[in-house]
Structure formats: structure tokens, C-alpha cells
Number of protein chains: 2
Amino acid sequence: MAMKFSSLTSILFTFGLIASPLGATLANEADLQQLTNASESSDLAFDIVKSLTIEVGPRIAGSEGDKKAVAWAEAKLKTLGFDKVYKQPVRVRNWSRGLAEAKIISPYEHSVVITALGGSVATPKGGLKAEVLMVESLEALQQTPPEDVSGKIVFINKKMQRDRAGKGYGPVVVGRSQGAIEAARANAQAILIRSVGTDNSRFAHTGAMRYSPDVKKIPAGALSNADADTLEAMFDTTNPVTMHVNMQAKEHGWQTSYNVIGEITGSEKPNEFIHLAAHLDSWDEGTGALDDGAGVGIVTAAATLVKNTLGQPKRSIRVVLYANEEFGLIGAKQYTKDNADTLEQIIVAAESDFGAGSIYQIDTRFAAPALPFAKKLEKALKPLGIKLGPNTATGGPDIYMLPAKGVPVVSLRQDGTYYFDYHHTPNDTLDKINLDDIRQNQTAYAIFAYMMANSDVDPRPAPELEPAQ
Amino acid sequence: MAMKFSSLTSILFTFGLIASPLGATLANEADLQQLTNASESSDLAFDIVKSLTIEVGPRIAGSEGDKKAVAWAEAKLKTLGFDKVYKQPVRVRNWSRGLAEAKIISPYEHSVVITALGGSVATPKGGLKAEVLMVESLEALQQTPPEDVSGKIVFINKKMQRDRAGKGYGPVVVGRSQGAIEAARANAQAILIRSVGTDNSRFAHTGAMRYSPDVKKIPAGALSNADADTLEAMFDTTNPVTMHVNMQAKEHGWQTSYNVIGEITGSEKPNEFIHLAAHLDSWDEGTGALDDGAGVGIVTAAATLVKNTLGQPKRSIRVVLYANEEFGLIGAKQYTKDNADTLEQIIVAAESDFGAGSIYQIDTRFAAPALPFAKKLEKALKPLGIKLGPNTATGGPDIYMLPAKGVPVVSLRQDGTYYFDYHHTPNDTLDKINLDDIRQNQTAYAIFAYMMANSDVDPRPAPELEPAQ
């Protein structure tokens, strides 16, 4: 039934044959213009990131920085006038990186820049020394006879390709997440990967990695791309390449962190929510400006601008700043579990977690009857250079589990051409954020949130995605 | 007399009225084409830099790396077929950076990235803690009442501007070289400068600094530009900004290093030299690929290509790889002193020490009678996109003292737009060199060296420069 109605309205809309039945309470153009003007003269998103990165700085889950960030977020949301601000406890693992140093011993001595992958065990005190086996990829490692791997330091030397949508990440990141398992299966002593990043610099990129209960936990690190080049060049000689690796990461047990949530309660439908997400935690080496200070700034500023410019929305706008995204989406999983009974109240969810590059496309995951509204969103976002993409959005990392529970999502897709130059490095700092670009994000999220909050559109339930063909 | 002749020939040449009397033995176009073709199919300059950076790596004056570099250079010049290869001892100071760490304590705690400036004394063991005084420039520091400086850590927060010719360097580098003197004069405890670099990254840029015998030596360091932004942001609050700085640089006394010299002896005028320069030393944190592995590769490859492609030149080509440029041009001063009696044998000198960006201009410092030859150089270099600049070249740092002694110089001016992103940082590594660009340099130097070595042109003596107006 819904399907039939949807198909019909969809066709009629497409050809402009009927006025929108959804548009009855839709924001008028003057409101949108007012909101845009307000956003375009506001540095709020940038200022929020500045405040977070300067006043708090690095905030790996469970750390002192994380605790400061939670207090900062609560205070910030209150100051900005969210009428409900609360925390949701999340148990998080607290891991610290400690010392991470490495040296090529032969054929030519070189100190190289490495970092521990998140969650790695330490090497023995003083480090370990072994011959290096270079492989092209995780697959190549899987295909190497175990006797060639045994006792060695495995070096996965796969380069990430630059791409606006970040498509280069997936094919390379498997080496980071799975490499230690595969290397340990063949009895390697340790694993180093070429950094999952598009820069050529001497910053190593960290990121989460996994172990498997059936194999030994071995130390896992990443070399900066420049140092991976140096290591690769060592294989030009016929001499064995040997290295010394010393990593002193530590586990500090479990801590309590928090999802920090701020709501602007709706005037007409307070129990229908526009769910705007970002994550509050960051890795420890940079100040988490792009990942995900930017997202925190964008969604918080957008909700604030809606309220300050056009008053209380009809539906509620909920900003969720998730705990511990980096280390297994722990805050998001907790949220989804704790709120299992009320997820149906979420009209739509969106997450900003891909830096601060300008948005070029909005993908939706709407039930068919709401697709005409996607066109309205496109029309409203068009002045920002944003076009409508497919109805196959997966949302951001912290909301990816929601569509399977029927929660519609959108992906406001950002230009990520340079995102992976800085991602998970000490170089993820405020100066990487362009004020015009983050303001464009702020405006887009404000328009999106306002339109969703002030209409009757119901994109629920999110459609299932067809499997890739 | 010479002047009259020069003026006349210059005019006649300019209007193409006479054939070149200098052109009797001048290389013909077929030779130049052959040389260009050989260079364009050769990776030699790049391969030399690769060999130096991979097999030796960092090579600060007097260090083990420096000793390796000297042995490497001797072996490389011999392998490439230079018929005379010899070393000239140079006494160099051996300073080591040691630990360099800093933390903002208040108003918000932050670990920041610093590096010691070259030659800095250490802080007390365990570091020092003080309030920070931020000033805009060296001049602003000089104008600050001493009582406002006394006991503080001075922070010179002057940004370097990006420029193709590197014009942003001079106005900022005075803070690096003179800052410790001026800060100590007003009894500061230490000085930190914003890095002299055009990047926004978390690499701090080192570089030489000076002390004055009449004031105390105080520790001097540089903050990365990203961390300088962070420190600057601390001054948005009204609270005092305090820092902890710990630098454990050390002097290891004097060592012997060497200028390494390779010659291709001329067939007709072996005692007339085309002098091609670069410096062999580097700072300690990167592998000195741009500064000055590139120069070593370019001039060595150019001379080698001339010999290998067109045989023994008529005049000698001398490649001088200077010791210890970074720390006071010590090798160059030694060279000039030891060879005071034979500098007149140098027909022309050129130095490559500005990275590996493509050359866009050749400036000369020729006696007037040789100016028509500059036009010939321009014609030969034009296919590479190089035009003739003014006759006011100063040469590179290691040869800047030669024109005052009558030695003509040229400056083959490179595009330095990105040079100062990497200059004097750990990020100065091989991957920053573009193969096409360094090959263009190699070709240009080969053409220049060949034309100078196979003509009778005599640009001596170098004219005095008129003072700037």
C-alpha cells in the first residue's frame, strides 16, 4: 500500500504534476534564506572546533583528555542553549600508545617514523629485532608460505590512492585491521604497515587493529609513507633487510566515558527526532580537528543556528556526540542498545565524520513516499553546490547500524580529497580546516535539520539496501 | 679597453650584426641536442640523491653520517669517472640536537612540537618553566621594554610568506638567527620562534642561530607552524600563558670533515675551471634530499653527462661538494681560503642549493664583454623554459664570497614555491623530489657546464654589484 502510494506520488512529483502534500508545513524560502544568511555570517562551527582543540586537545577514549572533552561538551551544549543536555555512560577501553620507535639496521642504518596501531600489544622491553618480509598486500601475505613469514617482521607495503569520496581507504585499511592476525597465523614476530594515508610525509597514521583469539597477539605499527619508501628502497639490494622495533603501548583497563547529548525540543512533535551525530573522541597524537572536531562543530553549530535564527523547531533536533568511535564504535553501539525501544522516534539521522571539506552531494535512505522530499532537500541545498545522490546512503560510522533498524539516514558527502593526508596523524590540527568549507557544511546541516524538523515528511522505515551486484 | 670592446660587441651581437668571435669553438646545436637527449633519458641526478639519502641519510657536520657521506661522495665521484677526486679537510663543530620537547602548561595543557635551533645551548636538566611573551617580530622584541621580557620565554610569532623565489625567507630568518641575542639582552630565559617555513604542519624547522659574546647564551627553539597557531590561540584568554621547555642539545667539540671535489680535466685548458657547487652536509632530522641532496645530484649528474655524452671538455669541470654549509658555510670559507691563489682559474661558478624545483631563469654576473654569451646561454636553455635574468647574480650560499674576488657566478634559479614547506625538517626526504623537475635541472646544468667549458668566453672579472637603491 505504502509502496503503491509512493510510486504514484513519486512519478507525479517527478513530473511536477502535483503540489507536495508534504509541503504543507514546509519551511518557506524566506526562512531558508534567513537561515543561510545567518550561517554565512557565523563562524560558529569553526569556533567550536577551535574551542575543543585548543581547550581540550587530544582525547583518546578513557584518557584524561576524554574526560575533559565530556565536560567541555556538556558545558558547550548548555551554553549554546540546548534545552536538554545529558550524558549516557559508555564503558571504554583505555589504551595508551607509549613509545614507538624503529630503526632499519641493515643494509643501511636509518631511524624511521612509526606509530603503534590502536590496540597493539607492546614489543618486549627494549624492542625486538628481526628480518623484514615485504609483501604487497594482505592478500599477498595470506598467500605467502608460512615458513617465509615465521620469525620475521612483516611489512605490508600497499599504497592508498587519493579520491574525493575516500574510495582508496577500504582496499588498504584491511591490512591495518587484519594484518596482525594474518601475520601471527604464520608466526611473524611483528607487523608494520605502510600508513593508510594519501600524504607523502613523515607522519605515521594510526587506527584501530584487531586480534583473533586463535592466534598470538603480535605488535603492530605503521610507518610513515616517506619512511615506507625508505624501507622499500632497502629491498633494492640483495642483502637481508633487518629492523629493530620498540613499542611500549599499554592497556589501562576499562573506564567510563559518555555519549554527550543535547536536544532542542520540538514545539509540535517533541518525540520525533532529527538525529545529528559526530564523535567526541579522537586519537591521541593530533588534536582531532578533522576527526572529528569538525563534525562536532558542524552538527552542533547547525542545530544552534536553526534555534537561534528561526526559533524552536516543530520536531526535536538531537545532537549526539558519541564516545569512542575510533576504537570500535563503542559509544554508538551503547546508544543503539540503550535506546532500542525509541529508535523508531528518529525521523532521520545524519553524521558528520569525514573532515571539513565542502559537501557536494546528499545521499538519502528514505522510504519511497519520502523521495519527493529528497528533491526538495536538493533544491534547498543546490545554492551550496550540493546535488542529490542515490537513495542508498549508509550514514556515518556511528549511525551505520540504524538503517537496519528502520531508521532513515542521509549522507551529506564531503570532499575528502585531502582528508587522508591528515587522518589519524599528529598533523590533524585546526589549521587544516578551511573556514569557508566548514561554514558551507554548517549551512547545509542547518538547512537539512530545519527542513526535516519543520515538515511532516516521514521517511521511515529506511529501505533495505540491495546487495551489490 | 676591454670595456670599449665589450660595448661594441655587445651592441653588434644584440642586433645580430656579427658572428660571434667567441663562437669559434662553441658547441654546435647537434652537440646540445645530443646532450639534452642523453639527459632526458637519464635518471642520474635522482639516482644520486636516492643513493645519498638511502645509503647515508642524515649527515649533520661532524657526525657519523657526515663521515659516511664523505666516503660515499668520494666513492661516487670515482665510480662516475671523475679523473681527479680529492678531499679538502675542514674543521667543523659537531653539535647534536638531543631531546627537544615542550608543553603549554596554562591556560590549557598541550604538548607541542619543537626543535632546537642549530647551535642552541641546552636548557637546565629537566627543562625550564616560564611565562611566555609573544611578539610579532624581531623588531617588536627590540622595541619591548626589557622589564616585560625579563625572566620570560620569548615567542616570535612571525609567519613566512610563500614565494617562488623564496623572498619570504629573509624577513623571517633574522628572528631565527638573531632572536636569542635580542631576547638575552633583555634577560629572557629562552626563545621560541614560529618555524621559518611555509607549511602548516607539525614539523618544526631548524636552522642555524647565533649568540653574541656580550650576552648570555639562552636556549633557542622553533615551534611547528601548527603548534605556533595553538600557542598563539592561548593568548585569546586573559590568563598568563606558561610553558615548559626541555632541550638537551650538546656540543661534541671539533671534528674533521671534508669538502669532496671531483674534476673532469679539460683537454685544452685544464687550468680553467667551470666550478659546480652543492653541499654535502644536511641537518640531522630529515635525509637532506632537497637540502642539498638534490644539488649534489644535479651538479654531479650534469658533469657526468657532459663527459659521458660529448667526451672530455676543453676546460675542466670541477664539482665541489662542500662540507658544513648549514652551520656557517664553513667548508666554503675553507675552500676560498685554501684556494685563494687559484680562484682566478675559475671561469664561472654555479651552485645548486634550493631544492629540486624546475629552473625558470638564469641570472649571470659576467664582465660586460661576456654578456653576449649570456644570450647564447639563454638561447640554449630556452627549450627548458629558462629565460635570462639580470647580470646581478650572487650565486649560492657556498659561492657567495667568490664574486668579491672576481669570480663570475650564475644563479640557475629554481621554483622554490614549496621548498620551504620541507626545508630543515624531518620531512625533507626523497619523496619530495619530482623526477621530471630534477631532470630539467640536470639538463640545464649540463648545457651550462658544456657551453662554458667548450667556449673561449671569459666572463672574468665579476662586476661589482651596485648597492640597492
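**Details of the overall build of chain A**
A tally of helices and strands in chain A yields 13 helices and 16 strands. Against the globule reference of 23 Å for 469 residues, chain A gives a C-alpha radius of gyration of 24 Å, in line with a compact fold. Seen through its C-alpha atoms, chain A measures out along the principal axes to roughly 75 × 45 × 40 Å. Pairs at least 24 apart in sequence give 83% of the contacts found in chain A among residues at least 6 apart. Approximately 17900 Å² of chain A is accessible, and the part contributed by carbon and sulfur atoms is 51%. Here chain A holds 47 positive side-chain charges and 54 negative ones, and the gap between their average locations is 3 Å.

**Some words on the relation of the copies chain A and chain B**
If you rotate chain A by 180° and push it 0.0 Å along the axis, it lands on chain B with an RMSD of 0.0 Å. What the rotation and shift describe, once combined, is the action of a two-fold rotation axis. Within chain A, the C-alpha atom positioned nearest to the axis of rotation is that of phenylalanine 203 of chain A, 4.6 Å from it. With an isologous cut-off of 70% or more, the 100% of interface residues of chain A that recur at the interface of chain B puts this contact in the isologous class.

**Some remarks on the confidence of the model for chain A**
Residues and elements named next belong to chain A. A residue-level look at chain A finds 93% of positions with pLDDT of 70 or above and a mean pLDDT of 94. Taken together, the stretch residues 1-26 has pLDDT below 50 and engages in 27 contacts with residues farther than four places along the chain or on a different chain. The complex prediction reports pTM at 0.92, with the ipTM value standing at 0.91.

**Some words on the sheet that holds strand β9 (residues 242-247) of chain B**
Residue and element names in this part refer to chain B. With mixed pairing, 8 strands are arranged side by side in an open sheet as β3-β2-β9-β5-β6-β7-β8-β4. The open sheet has two edge strands with one neighbour each: β3 (110-112) and β4 (114-116). This sheet shows a mean twist of 30° between the axes of neighbouring strands, independent of strand direction. When strand β6 (residues 153-156) meets strand β7 (residues 190-194), the two strands line up parallel, connected through 4 bridges. Its bridge partner being in β7, phenylalanine 155 is matched across the sheet by leucine 192. Along the sheet, helix α7 (residues 169-185) contacts β6, β7 and β8 (220-223); its crossing angle with β7, the most-contacted strand, is approximately 150°.

**Description of the sheet that holds strand β16 (residues 409-414) of chain B**
All names here are of chain B. Pairing in this open sheet of 8 strands is mixed, and the strands run β1-β10-β12-β11-β13-β16-β14-β15 from one edge to the other. Of all strands in the sheet, those bounded by a partner on one side alone are β1 (84-96) and β15 (387-388). The pairing of strand β14 (residues 359-365) with β15 spans 2 bridges and is classified as parallel. Each bridged residue has a counterpart across the sheet, and for isoleucine 362 the counterpart in β15 is leucine 388. Sheet contacts for helix α9 (residues 289-310): β10 (250-264), β11 (269-279), β12 (315-322) and β16; angle to β11, the most-contacted strand, approximately 150°. Across the sheet, helix α10 (residues 330-338) touches β1, β10, β11 and β12, and the angle it forms with β1 is around 135°.

**Observations regarding the interface of chain A and chain B**
Taken together, the contact between chain A and chain B spans 27 residues of the former and 27 residues of the latter. When residues of chain A are sorted by the area they lose upon contact with chain B, Ile54, Arg202 and Asp431 of chain A head the list and together hold 28% of the total. Linking chain A to chain B there are 2 salt bridges. With a shortest N-O distance of 3.1 Å, aspartate 236 of chain A and lysine 50 of chain B are connected by a salt bridge. Taken together, the connections running from chain A to chain B amount to 16 residue pairs in polar contact (both at pLDDT 80 or more). Among the secondary structure elements, those contributing two or more residues to the side of chain A that touches chain B are α3 (44-55) and α8 (225-234) of chain A. Ranked by the residues each element gives to the side of chain A that touches chain B, the list is headed by α8 of chain A, at 5 residues.

**Overview of the packing of helix α9 (residues 289-310) of chain A against helix α13 (residues 435-453) of chain A**
All names here are of chain A. Interaxial distance between α9 and α13 falls to 8 Å at its minimum, and their mutual angle equals 55°. Classified by the angle their axes make, α9 and α13 are oblique. Relative to α13, the crossing made by α9 is right-handed. Taking contact as the criterion, the partners of Ala294, Ile298, Val299, Ala301, Ala302, Leu305, Val306 and Leu310 in α9 are, on α13, Ile438, Asn441, Gln442, Tyr445, Ala446, Ala449 and Tyr450. Each residue belonging to the contact of α9 with α13 can be placed in one class, and the counts come to 13 nonpolar, 2 polar and no charged.

**Some remarks on unusual backbone geometry**
Residue aspartate 292 of chain A is bonded to the preceding aspartate 291 of chain A through a cis peptide linkage, with omega at 5°. Structurally, the position occupied by aspartate 292 of chain A is in helix α9. Backbone torsion omega between arginine 460 of chain B and proline 461 of chain B reads -10°, so that peptide bond is classified as cis. By secondary structure assignment, the location of proline 461 of chain B is in the segment after α13 (435-453). Even without a glycine there, the phi angle at asparagine 324 of chain A is positive, about 45°. Taking relative accessible area as the criterion, asparagine 324 of chain A reaches 1% and is therefore assigned buried. Not every positive phi belongs to a glycine, and histidine 424 of chain A is a case in point at roughly 65°.

**Digging into empty space enclosed by the protein**
Residue and element names in this part refer to chain B. Considering all chains together, one arrives at 6 cavities of 30 Å³ or more under this definition. Of the pockets and cavities examined, the largest cavity occupies roughly 70 Å³. Lining the largest cavity are 13 residues, and of these Ile156, Lys158, Val172, Gly175 and Arg176 sit closest to its centre. Elements represented by at least two residues in the lining of the largest cavity include exactly α5 (138-143), α7 and β7. Ranked by the residues each element gives to the lining of the largest cavity, the list is headed by α7, at 5 residues.

**Remarks on the packing of helix α2 (residues 29-40) of chain A against α9 of chain A**
Residue and element names in this part refer to chain A. As a packed pair, α2 and α9 sit with axes 10 Å apart at the nearest point and diverge in direction by 120°. Between α2 and α9, the interaxial angle falls into the category oblique. Crossing geometry of α2 relative to α9 is assigned as right-handed. Listed contacts from α9 to Asp31, Gln34, Leu35, Ala38 and Ser39 of α2 are Leu305, Val306, Thr309 and Leu310. Along the lines of polarity and charge, the residues of the contact of α2 with α9 split into 5 nonpolar, 3 polar and 1 charged.

**Quick word on α8 of chain A**
Of all 10 residues in α8 of chain A, 8 are buried; the element is thus mostly enclosed. For α8 of chain A, the full list of buried residues reads Asn225, Ala226, Asp227, Ala228, Thr230, Leu231, Ala233 and Met234 of chain A.

**Section: the side chain of aspartate 428 of chain A**
All names here are of chain A. Relative to the helices and strands, aspartate 428 resides in the loop between α12 (419-422) and α13. Although aspartate 428 is buried, it makes no salt bridge; arginine 59 carries the closest opposite charge, 7.0 Å away. Residues in contact with aspartate 428, not counting those within four places in the same chain, are Gly286, Thr287, Gly288, Ala289, Leu290, Asp291 and Tyr422.

**A look at the pairing of β10 of chain B**
Residue and element names in this part refer to chain B. Across 12 bridges, the pairing between β1 and β10 is antiparallel. Bridge pairing links serine 96 to lysine 250 in β10. One ladder, built from 5 bridges, connects β10 with β12; its direction is antiparallel. Bridge pairing in β12 places isoleucine 264 opposite isoleucine 317.

**Some points on the pairing of β7 of chain B**
Residue and element names in this part refer to chain B. In terms of burial, β7 is largely enclosed, as 5 of its 5 residues are buried. Burial along β7 is two-sided: Ala190, Leu192 and Arg194 facing one way and Ile191 and Ile193 facing the other are all buried. The handedness of the β6 to β7 crossover, carried by α7, is right-handed.

**Details of the domain arrangement of chain A**
Residue and element names in this part refer to chain A. In terms of domains, chain A is made up of domain 1 (2-95 + 254-453) and domain 2 (98-248). A C-alpha centroid distance of 35 Å is found between domain 1 and domain 2. Contacts between the two partners involve 22 residues from domain 1 and, on the opposite side, 23 residues from domain 2. Together domain 1 and domain 2 conceal approximately 1800 Å² of surface at their shared face, both sides included; 58% is due to carbon and sulfur atoms. Our count for the contact surface shared by domain 1 and domain 2 stands at 1 salt bridge. Counting only elements with at least two residues in the side of domain 1 that touches domain 2, the list comes to β1 (84-96), β16 (409-414) and α12.

Procedures and definitions
Residues numbered from 1 in each chain as written. Chains lettered and ligands numbered in written order. Predicted model: local features only at pLDDT ≥ 70, side-chain atom pairs only at ≥ 80, totals over all residues. Heavy atoms only, no water. Helix = DSSP H or I, 4+ residues; strand = E, 2+ residues; numbered from the N terminus. Rg over C-alpha atoms; globule rule 2.2 N^0.38 Å. Contact = heavy atoms within 4.5 Å. Areas by Shrake-Rupley, 256 points an atom, 1.4 Å probe, with all protein chains shown as cover. Lys, Arg positive; Asp, Glu negative; His and termini not counted. Charge placed at Lys NZ, Arg CZ, Asp CG, Glu CD. Least-squares fit on C-alpha atoms with pLDDT ≥ 70 in both. pLDDT = per-residue confidence, 0-100. Pairing = 2+ DSSP bridges. Axes fitted to C-alpha atoms, helices over the stretch in contact; angles between N-to-C directions. Buried area = accessible area lost by both parts, 1.4 Å probe. Salt bridge = Lys/Arg side-chain N within 4 Å of Asp/Glu carboxyl O. Polar contact = N/O pair within 3.5 Å; in protein donor to acceptor, adjacent residues only side chain to side chain. Parallel < 35°, antiparallel > 145°, perpendicular 65-115°, else oblique. Left-handed = near helix turned anticlockwise from the far one by under 90°. Nonpolar A, V, L, I, M, F, W, Y, C, P; charged D, E, K, R; others polar. Buried < 20%, exposed > 50% of the residue type's maximum accessible area, 1.4 Å probe, protein only. 1 Å grid on protein atoms, 1.4 Å probe; cavity = no way out; pocket = protein on both sides within 12 Å on 5 of 7 lines; lining within 4 Å. Points joined across faces, edges and corners; volume = space filled by probe spheres on them. Right-handed = clockwise from strand over helix to strand, strands pointing away. Domains from an automatic or database assignment.

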